[in-house]
Structures are given as structure tokens and as C-alpha cells.
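# Descriptive structure summary
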Amino acid sequence: MTGRCRGEGGRAGGLDGLRGHLTAGVGGHRLRFGSGAAGIERLEASLVGEGFAPHRHDTYAIGVTLAGVQTFRYRGELRHCLPGDWHVLHPDEVHDGMPGTDEGFGYRILYVDPFLVQQALGGRPLPFVADPVVRRGEARSPLWEWLRHIDEPLDDLDRIDLGLLVADTLEEHSAARPARRSAPALEALSRVRELIADDPAVRRSAEELERLSGLDRWTLARQFRAVFGTSPTRFRTMRQLDRARRLLRGGTPPREAALEAGFADQSHLTRMFKRAYGLTPAVWTAALAGP
């Protein structure tokens, strides 16, 4: 299953651009690690021919099949993943992995330290997903964006956001119901929101937001999402895009607008803009001008 010993998940539009890349080339194993963070690894892999021997790792492994048929034995049963299907493997569970056809298969996967998941859960028991295969029709996971762009760097706030998404995914697909959470600290959360909105071009550290709110970073991230419907990182990105749109409408060149809004470069702005609005900045600006 893995080589180490993961927008909408499973949508065809998100997978088609990767299939040819993963299935092209010579046979055998091919592995490529993306950008990671403490407790998080991201991997792209393809396999033709001989499969992985039975093995186990000490992390959660959450991946999506992108091409071919992936088969693996897990907890005494033979499983199959088609393109768009997700798989969720728990730490210390023995599994193998092999192509279901001669064409092989390709996938992308997240490896996540259970301690990171425990921090995200805030002391609640680690959930158990009994069925390791989440079928394409059920998989509409925001985790897909974190696997679609595996080379983009992860900062500390990204790490927290991803840890929370993994915890939510595990709870969503487990049989146990999550415990009720305490009332959010609205005043503290509002201070954080206002600080980010006042100057979204500035990247705030987790330590700065902890000092401002008086909340630890995990509680802050959980409660911010519960109250405002998104993570602090995503909220900041959308405010950056608000600023970039104002600049673009005022005639600022895209490169300058990107830097002034706090993006790394014009390409970074373009990626984030298209994810948010479905259009590139150039197409969006041209549409404003009309015929």
C-alpha cells in the first residue's frame, strides 16, 4: 500500500490531470515525496508489477487512488480501491499492496503522526475507521486539496489545519459519535479574526495567535473553525484574495498585486485565486472589463 515502511476528494475533475503522469514511464515502483511538516508526510507513488510485502507503520495513512486498481489485504480481507476511492489505514495494522491489473496503479497519500491527531481531538479517544475503503461517491473530503498540491510548503498553521481535517475525517467515518465540545471563547476568537483581517499580507505565527487569544493553538483552531466556518489559514487567504481583487480592479499589474497582498509570487496568487473563484486572475479581470 505504501512505500514508506492525504477541493474535493474523488471528483473526476481533480484526478484527470494526474492520471497520465502517474501511469506513464517504466514499470516498478516510483515514489516522490512532497513537502511535509512535523508529523506529516505527503507522498505520490505508482506501482507496476510486484507489490509491497506485508508491513505496518506507526502513522495514520490516508490516501486516494488516482489511476488503476489498488488492492491490499487489511485486517484479514482483500480490499480494492478504484480511482477516486480513499483508503484509511490505522497505525500498527499489517497490510500489503499490489496492482489489481497489469497496468499498475497510482495514488497520493498522507502519513500523519497519531500524536498530531490526538492534539487535534483535544483529548478525545482516537477514532477507529472499521472499513478502510471510502468509496468515491462518499468521498468529498477537503483533504484532497492537501494532496493535490503536495509540493506547496506547510507552515505551522497549515500543520494544525491539516491535523484537524484528518481528525474530522477519522471521526466522520468511524462508528463512534464525537463528544460535545465546550462553548467557544468568542471574544478571544474575534481578536484573532480582527488581527488577521487588519493586515492579511502579514503571516502570523501560531505563537502570536496563542498570546493574543490566550488559547492554545489546537483549541484556537478548533473553535475558530466552529465559529467562523473556516480555519485561520483559510480566512487569511481569502482576505489576501480580497485585497488582490481590489488591486487588480484598480489596474495594478498581477505581479505587484500578488506581492502587495502577501503572496509569494504571481504564480502563488494564480493558484489560490483559481481555487477560490474557479478562474485565473487574468480571466477574472478580463470578464470584469466586458465585451
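This part takes up the pattern of salt bridges. Pairing of side chains with opposite charge becomes possible as their charged atoms draw close. Counted under the stated rule, the structure contains 22 salt bridges. Notably, a salt bridge pairs Glu145 with Arg148, separated by 3.5 Å at the nearest N-O pair. Here Glu145 and its partner Arg148 are both found in helix α3 (residues 143-148), three residues apart, which amounts to about one turn of the helix. Among the residues examined, Glu145 registers a relative accessible area of 16% and is labelled buried. Among the residues examined, Arg148 registers a relative accessible area of 37% and is labelled partly exposed. Here Arg275 ties to Glu152 by a salt bridge, and the two come within 2.6 Å at their closest N and O atoms. With Arg275 in helix α10 (residues 266-277) and Glu152 in the loop between α3 and α4 (156-173), this residue pair connects regions lying 123 residues apart in the sequence. By relative accessible area, Arg275 is classed as partly exposed at 29%.

The next subject is the packing of aromatic side chains. Applying the stated rule across the entire model yields six aromatic pairs. Ring plane angle 20° and centroid distance 5.7 Å describe the contact between Phe105 and Tyr107, whose orientation is recorded as stacked. On the basis of relative accessible area, Tyr107 is assigned to the buried category, the value being 0%. Each ring, one from Phe273 and one from Tyr277, has its centre 4.8 Å from the other, and the planes form 65°; the classification is edge-to-face. Of this pair, Phe273 and Tyr277 both sit in helix α10, four residues apart, roughly one helical turn. Overall, the relative accessible area of 0% leaves Phe273 in the buried class.

What follows deals with the pairing of strand β6 (residues 77-81). Bridge analysis of strand β5 (residues 70-74) against β6 gives five bridges, and the strand direction is antiparallel. What sits directly across from Gln70, in β6, is Cys81. In textbook terms, the turn of a hairpin is the stretch between consecutive antiparallel strands, and for β5 and β6 this stretch comprises two residues, one of which, Arg75, has a positive phi near 55°.

Within soluble globular proteins, side chains that are nonpolar tend to cluster in buried spots. Of all hydrophobic cores here, the largest spans 41 residues; its most connected members are Trp86, Leu110, Val117, Leu143, Leu162, Val166 and Leu170. Leu43, Phe52, Ala61 and Tyr74 belong to the second-largest nonpolar core, a separate cluster that totals 14 residues.

Now for helix α5 (residues 186-198). In an α-helix there are 3.6 residues to a turn, and that puts residues three or four apart on one side. The terminal C-alpha atoms of α5 lie 18 Å apart, and with 13 residues this matches the ideal 18 Å at 1.5 Å per residue to within 8%. The elements touched by buried residues of α5 are α6 (206-213), α7 (217-228) and α8 (232-249).

Glancing now at helix α2 (residues 114-121). Every buried residue belonging to α2 is among Pro114, Leu116, Val117, Ala120 and Leu121, and all of these are buried. Taken around the axis of α2, the buried residues stretch over an arc of 155°, which confines them to a single face. Against β2 (40-48), β4 (60-68), β9 (105-112), α4 and α7 lie the buried residues of α2. Structurally, the start of α2 carries an N-cap: the backbone nitrogen of Phe115 is 2.9 Å from a side-chain oxygen of Asp113. Immediately downstream of α2, the backbone of Gly122 shows phi near 65°, a positive value.

Attention now moves to the packing of α5 against α6. Orientation of α5 relative to α6, taken along the N-to-C sense of each, is 135°, at an axis distance of 8 Å. Taken together, α5 and α6 sit at an angle that is classed as oblique. Viewed along their axes, α5 and α6 form a crossing whose handedness is right-handed. Mapping the contact onto sequence places Ala188, Arg191, Val192 and Leu195 in α5 and Glu208, Leu209, Leu212 and Ser213 in α6. Residues that form the contact of α5 with α6 fall into these classes: five nonpolar, one polar and two charged.

In this structure, the largest cavity spans a volume of roughly 80 Å³. If you go around the largest cavity, the residues you meet are Leu157, Ile160, Asp161, Leu209, Arg217, Leu220, Ala221, Ser231, Pro232 and Thr233. Among the secondary structure elements, those contributing two or more residues to the lining of the largest cavity are α4, α7 and α8. The class makeup of the residues in the lining of the largest cavity is six nonpolar, two polar and two charged.

The rules behind the values
- Residues numbered from 1 in each chain as written.
- Predicted model: local features only at pLDDT ≥ 70, side-chain atom pairs only at ≥ 80, totals over all residues.
- Heavy atoms only, no water.
- Salt bridge = Lys/Arg side-chain N within 4 Å of Asp/Glu carboxyl O.
- Helix = DSSP H or I, 4+ residues; strand = E, 2+ residues; numbered from the N terminus.
- Buried < 20%, exposed > 50% of the residue type's maximum accessible area, 1.4 Å probe, protein only.
- Phe/Tyr/Trp six-rings, centres within 6.5 Å; stacked < 30°, edge-to-face > 60°.
- Pairing = 2+ DSSP bridges.
- Core = buried A, V, L, I, M, F, W, Y, C linked by side-chain atoms within 4.5 Å.
- Expected span 1.5 Å × (residues − 1).
- Contact = heavy atoms within 4.5 Å.
- Arc of directions from axis to C-beta.
- Polar contact = N/O pair within 3.5 Å; in protein donor to acceptor, adjacent residues only side chain to side chain.
- Axes fitted to C-alpha atoms, helices over the stretch in contact; angles between N-to-C directions.
- Parallel < 35°, antiparallel > 145°, perpendicular 65-115°, else oblique.
- Left-handed = near helix turned anticlockwise from the far one by under 90°.
- Nonpolar A, V, L, I, M, F, W, Y, C, P; charged D, E, K, R; others polar.
- 1 Å grid on protein atoms, 1.4 Å probe; cavity = no way out; pocket = protein on both sides within 12 Å on 5 of 7 lines; lining within 4 Å.
- Points joined across faces, edges and corners; volume = space filled by probe spheres on them.

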